[in-house]
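Notes for the structure review
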Amino acid sequence: DTAVSQTPKYLVTQMGNDKSIKCEQNLGHDTMYWYKQDSKKFLKIMFSYNNKELIINETVPNRFSPKSPDKAHLNLHINSLELGDSAVYFCAASPSGAGGVGNTIYFGEGSWLTVV
Amino acid sequence: GESVGLHLPTLSVQEGDNSIINCAYSNSASDYFIWYKQESGKGPQFIIDIRSNMDKRQGQRVTVLLNKTVKHLSLQIAATQPGDSAVYFCAEKMGYSTLTFGKGTMLLVSP
């Protein structure tokens, strides 16, 4: 069983479209995240949810809207896609609480979004 | 040796060598650090972690060293194998904050 699974793995879409990426975790962790990885491999946090509540919202255009129907799922919806949105989007999950052994973040396999 | 590639610093080693990947972290108040390995087409995978009250931690073939004085973290991989070829990220965390990732180093292992 994959601990953090996200779909689709690959998505090619035209500018202006609206698309969603789904994420599910079976780890039973309270906190879920969306990270964006650019072409230079830099990983940056976008959002963090704890028990379905938004706790981190970095400087992300409001075209990006996360939704957490329950603590095992965190979906990412993107409106009016732009060329610059092309990237790899990673969903992740971790136990809540301060850093320490056992509080690591576990990542999904990524969703490769290409906007043409 | 190390070189700056088009996107990432790259470390090229021969199979069987020991590899050392370095990371300078930014926040002197960070109290938890993790090394991740990211293979091509996959998500970052946890390798080893260390808390700020330690200066060394060993795993299977990997050792993490933490020098808080100079805010430096290193990952040592013993007897490097071709399967170790990947991008390696260090990440830091302070208390309840989320992880902040470094820029990544590509490790290339030649047979």
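Residues numbered from 1 in each chain as written. Chains lettered and ligands numbered in written order. Predicted model: local features only at pLDDT ≥ 70, side-chain atom pairs only at ≥ 80, totals over all residues. Heavy atoms only, no water.

**Details of the interface of chain B and chain A**
Counted only if it meets this: Contact between two residues is taken to exist if any of their heavy atoms lie within 4.5 Å; hydrogens are not considered. A simple way to read buried area is as the amount of 1.4 Å-probe accessible surface that goes missing from two parts once joined, with both sides added. Salt bridges, as used here, are contacts in which a Lys or Arg side-chain nitrogen is within 4 Å of a carboxyl oxygen on Asp or Glu. Nitrogen and oxygen atoms within 3.5 Å of one another constitute a polar contact, given that in protein one can donate a hydrogen and the other can accept it, and given that sequence-neighbouring residues count only through two side-chain atoms.
At the interface, 23 residues of chain B touch 25 residues of chain A. When chain B packs against chain A, the two sides together hide about 2,000 Å² of surface, and 62% of this comes from carbon and sulfur. If you sort the residues of chain B by the area they bury against chain A, B:Pro44, B:Thr98 and B:Phe101 come out on top, with a joint share of 24%. At the boundary of chain B and chain A, one finds zero salt bridges. Our enumeration of links across chain B and chain A arrives at five residue pairs in polar contact (both at pLDDT 80 or more).

**Quick look at the packing of aromatic side chains**
All names here are of chain A. Filter applied, for reference: Side-chain rings of Phe, Tyr and Trp (the six-membered ring for Trp) are treated as a pair once their centres are within 6.5 Å; stacked means planes under 30 degrees apart, edge-to-face means over 60, and tilted covers the remaining angles. To qualify as a helix, a DSSP run of H or I must reach at least 4 residues; to qualify as a strand, a run of E must reach at least 2; elements of each kind are numbered from the N terminus. For each residue, the accessible area found with a 1.4 Å probe, counting protein chains only, is set against the maximum for its type, and the residue is called buried under 20%, exposed over 50%, and partly exposed in between.
Per the counting criterion, the structure on display carries 12 aromatic pairs over all chains. Ring geometry for Tyr-10 versus Trp-112: centroids 5.9 Å apart, planes at 45°, classification tilted. Taken together, the positions of Tyr-10 in strand S2 (residues 10-13) and Trp-112 in strand S11 (residues 111-115) put the pair 102 residues apart, joining distant regions of the chain. The class for Tyr-10 is exposed, based on a relative accessible area of 57%. On the basis of an interplanar angle of 35° and a centroid distance of 6.2 Å, the ring pair of Phe-64 and Tyr-89 is categorised as tilted. Of this pair, Phe-64 sits in strand S7 (residues 64-70) while Tyr-89 sits in strand S9 (residues 87-94), and the two are 25 residues apart along the sequence. Tyr-89 gets classed as buried once you look at its relative accessible area, which sits at 0%.

**Observations concerning the side chain of A:His29**
Relative to the helices and strands, A:His29 is located in the loop between strand S3 (19-25) and strand S4 (31-37). Discounting residues that sit within four places of it in the chain, A:His29 has contacts with A:Lys71, A:Ala93, A:Ser94, A:Pro95 and A:Tyr106.

**Overview of the state of the cysteines**
As used here, a disulfide is simply a covalent bond connecting the sulfur atoms of two cysteines. All names here are of chain A. Rules: In what follows, a disulfide is any cysteine sulfur pair within 2.5 Å.
Overall, the coordinates contain two disulfides over all chains when judged by the stated rule. Here Cys-23 connects covalently by a disulfide to Cys-91, the sulfurs 1.8 Å from one another. Disulfide Cys-23-Cys-91: torsion about the S-S bond near -80°, hence left-handed. Of this pair, Cys-23 sits in strand S3 while Cys-91 is found in strand S9, placing the two residues 68 residues apart along the sequence. Judged by relative accessible area, Cys-91 falls into the buried class, the value being 0%.

**Remarks on the pattern of salt bridges**
Residue and element names in this part refer to chain A. In this structure the tally under the stated criterion is five salt bridges over all chains. Note that Asp-30 is salt-bridged to Lys-71, the shortest N-O span being 2.7 Å. Placement of the pair is Asp-30 in the loop between S3 and S4 and Lys-71 in the loop between S7 and strand S8 (73-78), with a sequence separation of 41 residues. Between Arg-63 and Asp-85 there is a salt bridge; the shortest N-O distance is 2.8 Å. Of this pair, Arg-63 sits in the loop between strand S6 (53-57) and S7 while Asp-85 sits in the loop between S8 and S9, and the two are 22 residues apart along the sequence. According to the relative accessible area criterion, Arg-63 is buried, its value standing at 13%. The class of Asp-85 is buried, set by a relative accessible area of 4%. Because the salt bridges share partners, they merge into one network encompassing Arg-63, Glu-82 and Asp-85.

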